[in-house]
Amino acid sequence: MTGSRRCAVSGTGSAPSGPTGPGSAQRPQPAGWFLLALLTVIWSWWAWQKGGYFETVLLPGAIFLCVGATLLVLFLPGRPDVRHRRSAAMALVALMALGVWSLLSALWSPAPDVAIGDGQRILVYALAFGLGLWLCNLLGPRMRLALLPLAAAGAFAGIATVISLLTADDPRRYLEIDGTLEYPLGYRNANAGFFAIAMFPALGLAADRALDWRARGLALGTATLVLDLAMLSQSRGSMPAGLAAIAVYALLSPLRVRALSWLALAVLPAIGFLPALDALYSAANDGRLRDSVSELHATGVAAAVTSGIAVAIGLLAARFEPGLPGIGSVSARWNRAVSAGLAAAAALATIGFVVAVGDPVDWIADRADEFHHAGTPDLSSESSRFTLNAGSDRYDLWRVALEDTGEDPLLGVGGGGYQYTYLRGRESVGQTARDAHSVELEVLGELGLPGLLLLLIALAAAAVAALSARRSTRSAAALSAVLERGWSPVIAGGSHTITEATLRAFSRHHGGRVGAVWLDAHPDLMDNYRGDR
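These figures come from a predicted structure and were not determined experimentally. (Residues numbered from 1 in each chain as written. Predicted model: local features only at pLDDT ≥ 70, side-chain atom pairs only at ≥ 80, totals over all residues. Heavy atoms only, no water.)

Participant: Can you help me understand the overall build of the protein in this one?
Facilitator: Per the secondary structure count, the protein includes 17 helices and 2 strands. Considering only residue pairs separated by 6 or more positions, the protein has 75% of its internal contacts joining residues 24 or more positions apart. Summed over its atoms, the accessible surface of the protein is roughly 26,100 Å², and 65% of this surface lies on carbon and sulfur atoms. (Helix = DSSP H or I, 4+ residues; strand = E, 2+ residues; numbered from the N terminus. Contact = heavy atoms within 4.5 Å. Areas by Shrake-Rupley, 256 points an atom, 1.4 Å probe, with all protein chains shown as cover.)

Participant: Whenever I open this one, a nonpolar patch on the surface confuses me. Can you help?
Facilitator: A surface patch of nonpolar side chains, amounting to about 610 Å² of accessible area, comprises Phe34, Ile63, Val67, Leu71, Leu74 and Phe75. At 5 residues, the largest contribution of residues to the nonpolar patch is made by helix α2 (residues 55–75). Inspection of the secondary structure assignment puts Ile63 in helix α2. (Patch = residues over 30% accessible without salt bridge, like charges linked within 9 Å, V, L, I, M, F, W, Y side chains within 5 Å. Salt bridge = Lys/Arg side-chain N within 4 Å of Asp/Glu carboxyl O.)

Participant: How do you make sense of the environment of Ser307 when you look at a structure like this?
Facilitator: You can see Ser307 is positioned in helix α11 (residues 293–319). Taking the C-alpha atoms as reference points, Ser307 and Leu225, separated by 82 residues in sequence, lie 5.2 Å from one another. Contacts of Ser307, omitting those with residues within four sequence positions, involve Gly221, Thr224, Leu225 and Asp228.

Participant: Looking at this model, I keep getting lost on the pattern of salt bridges. Mind explaining?
Facilitator: Once the charged atoms of two side chains with opposite charge are near each other, the side chains can pair. Within this structure, the stated rule accounts for 13 salt bridges. Between Arg209 and Glu321 there is a salt bridge, with the nearest N and O atoms lying 3.4 Å from each other. Placement of the pair is Arg209 in the loop between α6 (188–206) and α7 (213–233) and Glu321 in the loop between α11 and α12 (335–357), with a sequence separation of 112 residues. By relative accessible area, which is 33% here, Arg209 ends up partly exposed. Residue Glu370 pairs with Arg367 through a salt bridge whose shortest N-O separation is 2.9 Å. One end of the pair, Glu370, and the other, Arg367, are both in helix α13 (residues 360–374), 3 residues apart, so they sit about a helical turn from each other. Exposure remark for Glu370: the relative accessible area of 18% places this residue in the buried category. Assessed through its relative accessible area of 18%, Arg367 is described here as buried. A single network of salt bridges, built from pairs that share partners, joins Arg209, Arg216, Arg258 and Glu321. (Buried < 20%, exposed > 50% of the residue type's maximum accessible area, 1.4 Å probe, protein only.)

Participant: Explain the nonpolar core here, please?
Facilitator: For soluble globular proteins, the rule of thumb is that nonpolar side chains tend to be buried together. Counting residues in each nonpolar core, the largest one holds 74 residues, and the members touching the most others are Leu35, Trp43, Trp46, Leu65, Leu203, Leu232 and Trp262. Ranked by the residues each element gives to this core, the list is headed by α7, at 10 residues. Contact partners of Leu203, with chain neighbours within four places excluded, come to Leu220, Ala223, Tyr249, Trp262, Leu263 and Ala266. Of all hydrophobic cores here, the second largest spans 11 residues; its members include Trp101, Ile122, Leu455 and Ala458. (Core = buried A, V, L, I, M, F, W, Y, C linked by side-chain atoms within 4.5 Å.)

Participant: Would you mind going over unusual backbone geometry with me for this structure?
Facilitator: Excluding glycine, most residues fall at negative phi; most peptide bonds, likewise, are trans. Looking along the chain, the bond that leaves Tyr183 and enters Pro184 is cis, with omega of 5°. Mapped onto the elements, Pro184 comes out in the loop between α5 (148–167) and α6. In this model, Lys50 sits at a positive phi of 55°, which is unusual for a non-glycine residue. Along the polypeptide, Lys50 turns up in the loop between α1 (30–48) and α2. Even without being a glycine, Gln234 presents a positive backbone phi close to 55°. Mapped onto the elements of the fold, Gln234 is located in the loop between α7 and α8 (238–252).

Participant: Would you explain the packing of α1 against α2 in this entry?
Facilitator: Angle between the axes and distance between the axes: these two values describe a pair of packed helices. At a minimum axis distance of 10 Å, the contact between α1 and α2 shows a crossing angle of 175°. When the axis of α1 is compared with that of α2, the two are roughly antiparallel. Seen from α1, the contacting residues are Ala31, Phe34, Leu35, Leu38, Leu39, Ile42, Trp43, Trp45 and Trp46; seen from α2, they are Val57, Leu58, Pro60, Gly61, Ala62, Phe64, Leu65, Gly68, Leu71 and Leu72. Of the residues belonging to the contact of α1 with α2, the class tally is 17 nonpolar, 2 polar and no charged. (Axes fitted to C-alpha atoms, helices over the stretch in contact; angles between N-to-C directions. Parallel < 35°, antiparallel > 145°, perpendicular 65-115°, else oblique. Nonpolar A, V, L, I, M, F, W, Y, C, P; charged D, E, K, R; others polar.)

Participant: Is there a simple way to explain a negative patch on the surface in this structure?
Facilitator: A cluster of acidic side chains, namely Asp359, Asp362, Asp366 and Asp369, defines a negative patch on the protein surface. Looking at the element boundaries, Asp369 is found in helix α13. (Lys, Arg positive; Asp, Glu negative; His and termini not counted. Charge placed at Lys NZ, Arg CZ, Asp CG, Glu CD.)

Participant: What is the right way to read the packing of α7 against α11 from this model?
Facilitator: At a closest axis distance of 7 Å, the pairing of α7 and α11 adopts a crossing angle of 150°. With respect to α11, the element α7 is oriented roughly antiparallel. The interaxial crossing formed by α7 with α11 has right-handed handedness. From α7, Trp213, Arg214, Arg216, Gly217, Leu218, Leu220, Gly221, Thr224, Leu225, Asp228 and Leu232 reach across to α11, where they touch Thr299, Ala302, Ala303, Thr306, Ser307, Ala310, Val311, Ile313, Gly314, Leu315, Ala318 and Arg319. Class assignment of the residues belonging to the contact of α7 with α11 gives a composition of 12 nonpolar, 7 polar and 4 charged. (Left-handed = near helix turned anticlockwise from the far one by under 90°.)

Participant: I'm lost on the packing of aromatic side chains in this one. Help?
Facilitator: The geometry of two aromatic rings is summed up by the distance between their centres and the angle between their planes. Tallied over the entire structure, the rule returns 11 aromatic pairs. Measuring from centroid to centroid gives 5.0 Å for Phe353 and Trp363, while their planes differ by 85°, and the two rings are edge-to-face. One end of the pair, Phe353, is in helix α12; the other, Trp363, is in helix α13, and 10 residues separate them in sequence. Residue Trp363 is classed as partly exposed on the basis of its relative accessible area of 23%. Feature note: the residues Phe371, Tyr395 and Trp398 constitute an aromatic cluster, connected by ring pairs. For Arg319, the ring lying beneath its charged end belongs to Trp213, and the centroid distance is 5.3 Å. (Phe/Tyr/Trp six-rings, centres within 6.5 Å; stacked < 30°, edge-to-face > 60°. Lys NZ or Arg CZ within 6 Å of the ring centre and 35° of its normal.)

Okay, structure coming up:
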């Protein structure tokens, strides 16, 4: 291996195979930059145009994705290497099969056009997932740049939203009737989900030492911006979901202290956004939504200011990172301490919960009763929608989906059929619904047990692939800690000494300026190896 510092690597190993092997490229291939730009543009456009929910937006984007994939197939030498990512390939196959099953359900669906549209949408998702896998292959040692399309989409939609908040003259174009954000996706829960999801790839880019420090500062500003807008959307379900996501993010990060430190840098400026959020919500629920222009503009100013502060913090943190505790950590030795701290925090929270509510069994029973009978609560007298009231119309929606399953567990009612069965079986008078507001239950009701099985296989296989990648990253993190101390590691072992994690650690440390030479690949024992003589 070569680099700006000495290192010694010894051992035996098999020759690398194909152009997509882990050590085949020191820098991302040009095709990788093309695919990265394509996905960034399409994701950003979809996010701005109501999340690509309507076919008039989704399908043109899908056409561009198909054209891009075709160009890669025709002109790119080699193919993606999925031999070591079999679980990811399984997720892709299951997703494609689910799309085909939805298309077939048009044969028994009362809304065959919707079934076909749903099948097309699922196949577009499968195409996007497959292109994401290919992008990771093409980026090579800079694989973390695959986070850029989603982070950039969050930044683009977030900036467009802030500009709209600053210039709006009619709050009703951007807000729900209770003053929560519905722009740009058209539904507060979708807004909250999208912006909260976009925060995590932005954090990943901010913490990436291989990126330019200026880009990392912008990434941290993006994380704060999308967090502001997720809070402004005020989805009640985002509270438990957000806590669970942060716990998973911390536990799966190979460097937990570092991950939580950068998360804290994004969250702290966002606290300054809360007074503007509270003022807008109060004005809207005092019956002044139409006249709350000044409060709406104030939320735009608050989002812009807190995001700008986060950019400044990110620039300073990235520029002077090596000397900062926690933020510049490259050691995994504190991971167990972080895990213990999270467990202790969970235990203390549980104790505090029991002290506050008394009998937790009775409290849970009361919340279940609210969910079953109370319907959507009136929260206009509260300071925000972030309450523990479990009232919702979801029970009625989910009940109908389960009844659809009972009528035909194998085939379901067919794609798009739920909107008709709900009109017949609803108990919430006056409520109409096209979706069951639960992907799993809607798939079960419309596509039967085979559809749900395919969905669960896709999700489980994708999770296994992520965990496998995390284990590889953890090995790279351990070696990175050795390199950061200025030591010269000697790696010795059997036939797989030079692993992908080893190459990733050296490449990250030397800014991608790394080459690998395989010695003792036993060419004397074979006439040819995979077509190479």
